[in-house]
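# Understanding the architecture of this molecule
So the chains spell out like this:
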Amino acid sequence: MAPAQEKAAASCCHAAPARVAGGGAPAVPVRAIAASPAGKVVAIAAGVGEAGERVAASAAGAGGAVIEDIAAVQPTTAKASAKGITIMTRAQRCHPLDPLSAAEIAVAVATVRAAGRSPEERDSMRFVEAVLLEPDKNVVALADAYFFPPFQPSLLPRTKGSAVIPSRLPPRRARLVVYNKQSNETSIWIVELSEVHAATRGGHHRGKVISTEVVPDVQPAMDAMEYAECEATVKSYPPFIEAMKRRGVDDMDLVMVDAWCAGYHSEADAPSRRLGKPLIFCRTESDSPMENGYARPVEGIHVIVDMQNNTVIEFEDRKLVPLPPPDHLRNYTPGETRGGVDRSDVKPLIINQPDGPSFRINGYFVEWQKWNFRIGFTPKEGLVIYSVAYVDGSRGRRPIAHRLSFVEMVVPYGDPNEPHYRKNAFDAGEDGLGKNAHSLKKGCDCLGYIKYFDAHFTNFTGGVETIENCVCLHEEDHGILWKHQDWRTGLAEVRRSRRLTVSFICTVANYEYGFYWHFYQDGKIEAEVKLTGILSLGALMPGESRKYGTTIAPGLYAPVHQHFFVARMDMAVDCKPNEAHNQVVEVNAKVESAGTHNVHNNAFYAEEKLLKSELQAMRDCDPSSARHWIVRNTRTVNRTGQPTGYRLMPGSNCLPLALPEAKFLRRAGFLKHNLWVTQYKSDEMFPGGEFPNQNPRIHEGLPTWVKKDRPLEETDLVLWYVFGLTHIPRLEDWPVMPVEHIGFTLMPHGFFNCSPAVDVPPSSSDADVKETESPKAIQNGGLISKL
């Protein structure tokens, strides 16, 4: 993923001159090592200038660290763009957490392909994903402390004597999931990207295979290319053509085939074959490509496709269910194209930031008021937020979380009829939230001044594809932050709230999902999912109705279903990367028993319970007791002597509306609880395991990991929060569903000594005047967004 403003240097770390092997910067000799009066050691390099001075100062305050080669740290200067955003010039190499660039992906793919043992094996390689192999947390801390501005040596612990700081960071590595179309094998490759320079600058590419491993008994995620091949295979299959003719359809161009993954319902779905069980739909008009084809589901046809060989292996026209008649309300395109009229009284909504936004961008590093963090992106998760911290006055930079992302979502349907009972999509593990993201270049749910980031992926055949403007970052007004009026004097103080929002949107077949992380001035972090798109519908026989759904139109109904999301939060509340000082307590409001402590029968209190181990930490929401959870630092206290912490505050939530024996719960046992807490382990990333597609193993992932019952009383811990909504469709959800909101909040709980928002300045009258300027004047300034 490359920042949009830096497209000239297409690879984030490859616009620099040629470097030494291993990714280091050109060597500059160390001229002297000088000991300070306090016994600390400071390195001074020839020709380094301001950067060298800053690093020397950092080393002097780092508890006696020796820097072997300060030249690895390059000066970084700020420059203001024409539109007011502060863009920092790039450091001379990638930060260890920067997503893989297009050039790095190309090198990794070429390296793996070249390692094939035969031409046949190389030709059969299909590339499911290529992602950054994220380094150890200590490597990230070292990079932030000494190699990338703003330099933060306090991230590393103070040591007695002197610690040697390496002259360069370890080479970046890529992790590739490769499917062999000939052998039906899935393998994982680790490639070291020792030298990757931009080809446009005459550089060269080199990668090195570190390891390769065949993973037995799995099927990796499906790819868009496979979906297209599946559709072509089904539409060219003669018995299917005849079945559609029985339903009055002769034109195969009207037919839509959505290649859903098979899931796992019996041994017939075993991963020894790569299977697709498509759903069929049919548009009405051949000359209307924007017509909503999901308005006419085709039922009664059973088809299974061998995705490895692109052949139909099972087909049966089981029941002739008439196609629903064309619904005149089926389309959602503008006015005339859907036979309607759009509103005519909607005026432009203008967001004006004449001085530019308040955030600053340095590659993927974001600074906004007192917040700072890094942006990442993966094919499976989509947006990833790294190294979240808050700069708290004299206490300096205070970490909150190492890594935040959405790692899985599951959509089980509640209709027991064919084909709806098998609609149990794992949209991250089976498809990839990131790979299904789309460009926000021509429109966005954001208004105001927007900073976009691109995303790079490998496609199935190993080519590199770019989604431009995939991630959106912008500020939003959020109403009142706080207010008080003194009734005696009539004087009032009020502050407006704003938040920084980072988001992306993906489309998985018929549904759209927007994923958002909001950062607030009062220290809160809100995770939000916005659901929209088109319902997955079913056809009805004449006069038929179903109790497992809502009739939307004649012959058309929407089954009941649920949407579940899993947020993985690698927490680090007041912890440096090498510290493991967090624990989790559950808080419940309790009503005091009648008696001497509750003579007025009104008393209640908050009761805390330490979650001591992983099995104890399998918890569910309970709104009747205002249940929430606090991640606390066991070694750091606030001014009252209490541990500092961050609270996980649930929003609306639910649990699966299915019997324990439901087949989808074999793969989604993590849905049985709203909260899980585990000890951090680098390879425990996805709650249902890395390969949920056709997974025959019961309760792989979280339900298995927690059986170790590892202690949580003081450790490096990960929160897994499972949240969902039950969707009982309405007529108002058709033809396109208005956005539903769901999420949760991380909020400071004793983390600060008072409100961190008390220092937000009042809105200036000058700003108020600027906001009332004429739309025409603002348009001339070029800083508008409008609906």
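Quick note: structure is the one above.
Overview of the structure. (Residues numbered from 1 in each chain as written. Predicted model: local features only at pLDDT ≥ 70, side-chain atom pairs only at ≥ 80, totals over all residues. Heavy atoms only, no water.)

## Concerning the state of the cysteines
As a reminder of what qualifies: Disulfides are defined in this document as cysteine sulfur pairs within 2.5 Å. Think of it this way: any DSSP run of H or I at least four residues long counts as a helix, any run of E at least two long counts as a strand, and we number them from the N terminus. Residue exposure (1.4 Å probe, protein chains only): buried if accessible area is under 20% of the type maximum, exposed if over 50%, otherwise partly exposed.
Applying the stated criterion across every chain, the model contains 1 disulfide. Between the sulfur of Cys 446 and that of Cys 472 lies a disulfide, 2.5 Å long from S to S. With Cys 446 in the loop between α7 (427-431) and β23 (450-458) and Cys 472 in strand β24 (residues 464-485), this pair connects stretches of sequence that are 26 residues apart. For the pair shown, Cys 446 and Cys 472 are each scored as buried. No disulfide involves Cys 654; its nearest neighbouring cysteine sulfur is the one of Cys 621, lying 9.6 Å away. By relative accessible area, Cys 654 is classed as buried at 15%.

## Let's talk about helix α5 (residues 224-235)
Note that an α-helix has 3.6 residues per turn; residues three or four places apart therefore point the same way. Put simply, the rule reads: A helix's residues, less one, multiplied by 1.5 Å, set its expected span. Here, two residues are considered to be in contact whenever any of their heavy atoms come within 4.5 Å of each other.
Between the first and last C-alpha of α5 there are 17 Å, a value that for 12 residues agrees with the 16 Å anticipated at 1.5 Å per step. Those residues of α5 lying buried are Glu 226, Cys 230, Thr 233, Val 234 and Lys 235. Its buried side turned inward, α5 meets α6 (238-246), β11 (255-258), β13 (279-282), β15 (301-306) and β16 (311-317).

## A look at helix α2 (residues 102-114)
If you check α2, its first and last C-alpha atoms are 18 Å apart, about what 13 residues at 1.5 Å a residue would give, namely 18 Å. Every buried residue of α2 is accounted for by Ala 103, Glu 104, Ile 105, Val 107, Ala 108, Val 109, Thr 111 and Val 112.

## Structural notes on the pattern of salt bridges
For clarity, the cut-off: We define a salt bridge as a side-chain nitrogen of Lys or Arg found within 4 Å of a carboxyl oxygen belonging to Asp or Glu.
Counted according to the given criterion, the structure contains 45 salt bridges. Across the salt bridge formed by Arg 546 and Asp 415, the nearest N and O atoms sit 3.4 Å from each other. One end of the pair, Arg 546, is in the loop between β28 (538-539) and β29 (549-553); the other, Asp 415, is in the loop between β21 (397-412) and β22 (424-426), with 131 residues separating them in the sequence. Each member of the pair Arg 546 and Asp 415 is classed as buried. In this structure, Arg 499 engages Glu 476 in a salt bridge whose closest nitrogen and oxygen atoms are separated by 2.7 Å. On the criterion of sequence distance, the pair formed by Arg 499 in strand β25 (residues 492-508) and Glu 476 in strand β24 is long-range, its members being 23 residues apart. Exposure remark for Arg 499: the relative accessible area of 10% places this residue in the buried category. Owing to a relative accessible area of 19%, Glu 476 belongs among the buried residues under this scheme. It is possible to trace a salt-bridge network through shared partners that takes in Glu 586, Arg 619, Asp 622 and Arg 627.

## Describing unusual backbone geometry
Backbone torsion omega between Pro 149 and Pro 150 reads -5°, so that peptide bond is classified as cis. With an omega of 0°, the peptide bond between Glu 418 and Pro 419 qualifies as cis. Mapping Pro 419 onto the fold places it in the loop between β21 and β22. Of note in this structure, Asn 601 is not a glycine but carries a positive phi near 60°. Note that Asn 601 resides in the loop between β32 (582-591) and β33 (604-610). Phi angles above zero are rare outside glycine, and His 699 is one such case at about 60°. With respect to the secondary-structure elements, His 699 resides in the loop between β36 (675-679) and α9 (702-705).

Nothing here speaks to function; it is all geometry.
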